[in-house]
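# Observations on chain architecture
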Amino acid sequence: FGIMHDITDRKRMEQTLIRSERHHVASELSAGMCHNLNNILSGISGPALMLQRVTRDSESLHDIEAIISSSKRAADLVHQLSVSVRGQSGEKSYSINLNEAIEQTLQLTQTRWESQPAAQEIDIDILVELGEVPSIRGTEPGIQEMIANLIFNAVDAMPKGGEIRVQTQIEDDFIRLSFRDTGIGMDEETRRRGFEPFFT
């Protein structure tokens, strides 16, 4: 004789509790990290703004403006992280040209996908095929962060180099943004946990 118990619901509840605890810990870490990052960014943007006022050399001004622009974008991302940790949406969406956002993000991330790999004799090519698409609703930091993450993930998946293809097009009355790379892909464990906050 034997007795069988269906423990599916119990296992599902255990997994839910584990995910909830992980999210709580990640939230606590994120809150502290946001505070420290804001202090660091103030130490970067403040002196850069002062240098911008007194510098007359055009080449130096170009570099200073890049520092200010990058620190502003980083501050926006820190704010976005802080908002997501609190579970509130404080950002208002507005009209964004997706193709322009892609081109700007490619330029901002060029060091990561071109310069750094090239220094290690690794070739990564990005092929861009941008169709005529209407504007979308969103926030510029949010859209750029999404695109940058896709680029960085693709680069990490191609340790020996390869190709990234970025494409926008209209498909069935929707705007389709697609990223394809020739990298190694994800194993089953990574695929299973891919949507967990802060997993990778």
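Notes on the structure in this doc start here. (Residues numbered from 1 in each chain as written. Predicted model: local features only at pLDDT ≥ 70, side-chain atom pairs only at ≥ 80, totals over all residues. Heavy atoms only, no water.)

### Focus on the nonpolar core
- With 18 residues, the main nonpolar core has Ile-143 and Ile-164 as its most contacted residues.
- Those elements that place two or more of their residues in this core are helix 3 (98–108), strand 2 (124–130), helix 5 (140–156) and strand 4 (162–171).
- For this core, the leading source of residues is helix 5, giving 5 residues. (Core = buried A, V, L, I, M, F, W, Y, C linked by side-chain atoms within 4.5 Å. Buried < 20%, exposed > 50% of the residue type's maximum accessible area, 1.4 Å probe, protein only. Helix = DSSP H or I, 4+ residues; strand = E, 2+ residues; numbered from the N terminus.)

### Structural notes on helix 5
- Compared with an ideal rise of 1.5 Å per residue, which puts 17 residues at 24 Å, helix 5 spans 24 Å between its outermost C-alpha atoms and is within 8% of the ideal.
- Of the positions making up helix 5, those classed as buried are Pro-141, Gly-142, Ile-143, Gln-144, Ile-147, Ala-148, Ile-151, Ala-154 and Val-155. (Expected span 1.5 Å × (residues − 1).)

### As for the packing of helix 3 against helix 5
- Their axes nearest at 9 Å, the elements helix 3 and helix 5 cross at an angle of 55°. Classed by the angle they form, the pair helix 3 and helix 5 counts as oblique. Crossing of helix 3 over helix 5 shows right-handed handedness. Two secondary-structure elements touch here, helix 3 through Leu-98, Ala-101, Ile-102, Gln-104, Thr-105, Leu-106 and Leu-108 and helix 5 through Glu-140, Ile-143, Gln-144, Ile-147, Ala-148 and Ile-151.
- A breakdown of the residues in the contact of helix 3 with helix 5 according to their chemical character gives 9 nonpolar, 3 polar and 1 charged. (Axes fitted to C-alpha atoms, helices over the stretch in contact; angles between N-to-C directions. Parallel < 35°, antiparallel > 145°, perpendicular 65-115°, else oblique. Left-handed = near helix turned anticlockwise from the far one by under 90°. Contact = heavy atoms within 4.5 Å. Nonpolar A, V, L, I, M, F, W, Y, C, P; charged D, E, K, R; others polar.)

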